[in-house]
Amino acid sequence: MKTKKEITILAIETSCDDTGITIVKTGENGSFKVLSNIISSQVEIHKKWGGVYPALAKREHQKNLVPVLIDSLRKSRLSKIKNSKSKKKDYSFKFKDLEKILEREKELQKRITSFFKKYQKPDIDLIAVTNGPGLEPCLWTGVNFAKTLSYFWDLPIISVNHVKAHIFVNMLQNGKIKKLIKRDFPAICLIVSGGHTLLFLMKGFGKYEILGETRDDAAGECFDKTARILGLGYPGGPEISKRAAEFFGKPKIKLPRPMINTKDYDFSFSGLKTAVLYDNLKKVRKDKKYIQEMCKEIQQSIIDVLARKTINAAINRKAKSIILGGGVVANKELRKQFTERVKKLVPKAKLFIPKPENCTDNALMVAIAGYFKYKGGKKEKWKKIKVDANLKIE
Ligand code: KG4
Ligand code: ZN
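Cut-offs used in this document
- Residues numbered from 1 in each chain as written.
- Chains lettered and ligands numbered in written order.
- Predicted model: local features only at pLDDT ≥ 70, side-chain atom pairs only at ≥ 80, totals over all residues.
- Heavy atoms only, no water.
- Domains from an automatic or database assignment.
- Contact = heavy atoms within 4.5 Å.
- Buried area = accessible area lost by both parts, 1.4 Å probe.
- Salt bridge = Lys/Arg side-chain N within 4 Å of Asp/Glu carboxyl O.
- Helix = DSSP H or I, 4+ residues; strand = E, 2+ residues; numbered from the N terminus.
- Nonpolar A, V, L, I, M, F, W, Y, C, P; charged D, E, K, R; others polar.
- Axes fitted to C-alpha atoms, helices over the stretch in contact; angles between N-to-C directions.
- Parallel < 35°, antiparallel > 145°, perpendicular 65-115°, else oblique.
- Left-handed = near helix turned anticlockwise from the far one by under 90°.
- Pairing = 2+ DSSP bridges.
- Phe/Tyr/Trp six-rings, centres within 6.5 Å; stacked < 30°, edge-to-face > 60°.
- Buried < 20%, exposed > 50% of the residue type's maximum accessible area, 1.4 Å probe, protein only.
- Polar contact = N/O pair within 3.5 Å; in protein donor to acceptor, adjacent residues only side chain to side chain.

A. Spotlight on the domain arrangement of the protein chain. Under the domain assignment used here, the protein chain contains domain 1 (7–167 + 360–384) and domain 2 (186–319). Its C-alpha centre places domain 1 at a distance of 32 Å from the equivalent point of domain 2. Opposite the 16 residues of domain 1 that make contact, domain 2 presents eleven residues. In total, about 1,000 Å² of surface goes out of reach between domain 1 and domain 2, with carbon and sulfur atoms giving 77% of it. Where domain 1 packs against domain 2, one counts zero salt bridges. At the level of elements, helix H1 (43–47) and helix H7 (162–168) are the ones that each hand at least two residues to the side of domain 1 that touches domain 2. It is H7 that contributes the most residues to the side of domain 1 that touches domain 2, five residues altogether. Here the residues of the side of domain 1 that touches domain 2 sort into seven nonpolar, five polar and four charged.

Right, here's the structure in full:
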């Protein structure tokens, strides 16, 4: 039996090319048990394009969501197949409405209809879903899927900002949710992923001030594009990181550190990409050693710029903590150097870095951010939830 304070959350993430569903059981004293956390990656499909192709990603989300849901319920031991009794009290009147909600998601409509015919309502109390920022077609598939579950199972729904989710994942520590407290604020937050490079000040819950962002490519995008120039696989971050670790010593290749000395907190990474392209064109022989050396210099250039701006912001805004998030934070060298530099330059600031597997897109972070929003008393109607590809943090 669940007490009133225990709620089970089903969270959905489809803002880019990962189809993620997580089920968590929250309890008293911040207990936060992850029953399942599944990510179906589309990397293989997008590899040949060297990046994510939105229409293709949407199609894959439509195909993946129901199998991932079945898998999540099964892993969480919440899956219940209908028997002859439960079939009688069916929601058949609701099936007609599904056609409307999933008007633009025909493939998903087909799959979810058979799912509802076969499975009973599971013991879930809340649906959380990413509604932006991200790729609009992909976001809609996840949101329409969440709306369908909310309507069909009569469950409350919470929309989640993807950037905030990357931050809030830091609040999960050793199976418990630790709320940030007064002495952690103000916090400097850096989100670096394939789609974002954003530096902002968090003065408290719901109190954000954007300090800077990229003027062109995101840091992860720079990893992906330079990897492509060097003939490496996608996503570029892990490929570059792996080769950089194989190069010992200081690289002789010198790449720029774009905007490192500017007083603002903006970033620019397209010049770095161009510098890699020119150097690569100049070289007749591109042996393994050259690739390793170049990877090390690319990685270092990105780390230098990110660390300098973040630490400057922390010093200037008297931050009590520094919070990192996003796929690029999975980078081993970045984690190490941020830890060292923060310790040396802003020793009083507490540094939050998520586990590597929680840096890249996942639905666990959506569950955590959704939990905070729900606990904060936020109520939403499924009919009213909309997607915003450029959703800002407010
Ligand atoms: O957060 P994420 O999964 O998706 C977005 O919200 O964009 O981030 C994906 C990005 C990709 O650009 C990928 O190359 C980068 O994160 N990334 C890395 C590493 N792992 C993933 N970048 C550097 N080093 C890594 N180990
Ligand atoms: Zn992300």
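There is more to say, and it comes next.
B. Highlighting the packing of helix H8 (residues 219–229) against helix H9 (residues 236–244). At a minimum axis separation of 7 Å, H8 and H9 run at an interaxial angle of 65°. When the interaxial angle is binned, H8 and H9 end up roughly perpendicular. In this structure, the crossing between H8 and H9 has a hand that is left-handed. Along its contact with H8, which presents Phe-223, Asp-224, Thr-226 and Ala-227, the element H9 presents Gly-236, Gly-237 and Ile-240. Of the residues that constitute the contact of H8 with H9, the class distribution is three nonpolar, three polar and one charged.

C. A look at the sheet that holds strand E5 (residues 157–161). Taken together, the five strands give an open sheet; going across it, the order is E3-E2-E1-E4-E5, and neighbouring strands pair in mixed fashion. Pairing within the sheet leaves two strands with one partner each, and these edge strands are strand E3 (32–41) and E5. Along the sheet, successive strands turn relative to each other by an average axial angle of 20°, direction set aside. Its contacts with the sheet place helix H13 (residues 364–375) against strand E1 (7–13), strand E2 (18–26), E3, strand E4 (126–132) and E5, and it is angled at close to 125° to E1.

D. Layout of the packing of helix H11 (residues 288–316) against helix H12 (residues 332–345). Running from N to C, H11 and H12 cross one another at 35°; their axes reach a closest spacing of 10 Å. Helix-helix and strand crossings are classified by hand; for H11 and H12 the assignment is right-handed. Residue-level contacts link Gln-299, Gln-300, Ile-303, Asp-304, Leu-306, Ala-307, Thr-310, Ile-311 and Ile-315 of H11 to Glu-333, Leu-334, Gln-337, Phe-338, Arg-341, Val-342 and Leu-345 of H12. Its residues assigned to classes, the contact of H11 with H12 shows nine nonpolar, four polar and three charged.

E. Here's a closer look at the packing of aromatic side chains. In total, this model carries 15 aromatic pairs according to the counting rule given. When the ring of Phe-116 is compared with that of Trp-153, the centres are 5.9 Å apart and the planes differ by 85°; the resulting orientation is edge-to-face. Of this pair, Phe-116 sits in helix H5 (residues 106–118) while Trp-153 sits in helix H6 (residues 136–153), placing them 37 residues apart in sequence. Here Phe-116 matches Trp-153 in class, with each residue buried. Taken together, a centroid distance of 5.1 Å and an interplanar angle of 40° make the contact between Phe-168 and Phe-372 tilted. In this pair, Phe-168 is assigned in helix H7 and Phe-372 in helix H13, connecting sequence segments 204 residues apart. A single burial state applies to Phe-168 and to Phe-372, both of which are buried.

F. Examining unusual backbone geometry more closely. In this structure, Pro-133 follows Gly-132 across a cis peptide bond, with omega equal to -10°. The linkage connecting Phe-185 with the following residue, Pro-186, adopts the cis geometry, with an omega of 0°. Tracing the backbone through its elements, the reader meets Pro-186 in the loop between strand E7 (176–177) and strand E8 (187–192). Phi is positive for Asn-29, which is not a glycine, with a value near 55°. Using a relative accessible area of 68% as the deciding quantity, one classes Asn-29 as exposed. Phi is positive for Arg-77, which is not a glycine, with a value near 60°. Assignment of secondary structure puts Arg-77 in the loop between helix H2 (54–75) and helix H3 (84–88). Of the residues examined, Arg-77 reaches a relative accessible area of 78% and is grouped as exposed.

G. Molecular detail of the pairing of E3. Bridge count between E2 and E3: nine bridges; the pairing is antiparallel. The residue bridging Val-24 from the neighbouring strand is Val-34, located in E3.

H. Region of the structure containing the side chain of Asn-280. Looking at where Asn-280 falls in the secondary structure, it is placed in helix H10 (residues 270–282). Among the residues examined, Asn-280 registers a relative accessible area of 7% and is labelled buried. A distance of 3.4 Å separates a polar atom in the side chain of Asn-280 from the backbone oxygen of Ile-229. Excluding its chain neighbours within four sequence positions, the residues that come into contact with Asn-280 are Ile-229, Leu-230, Lys-286 and Tyr-290.

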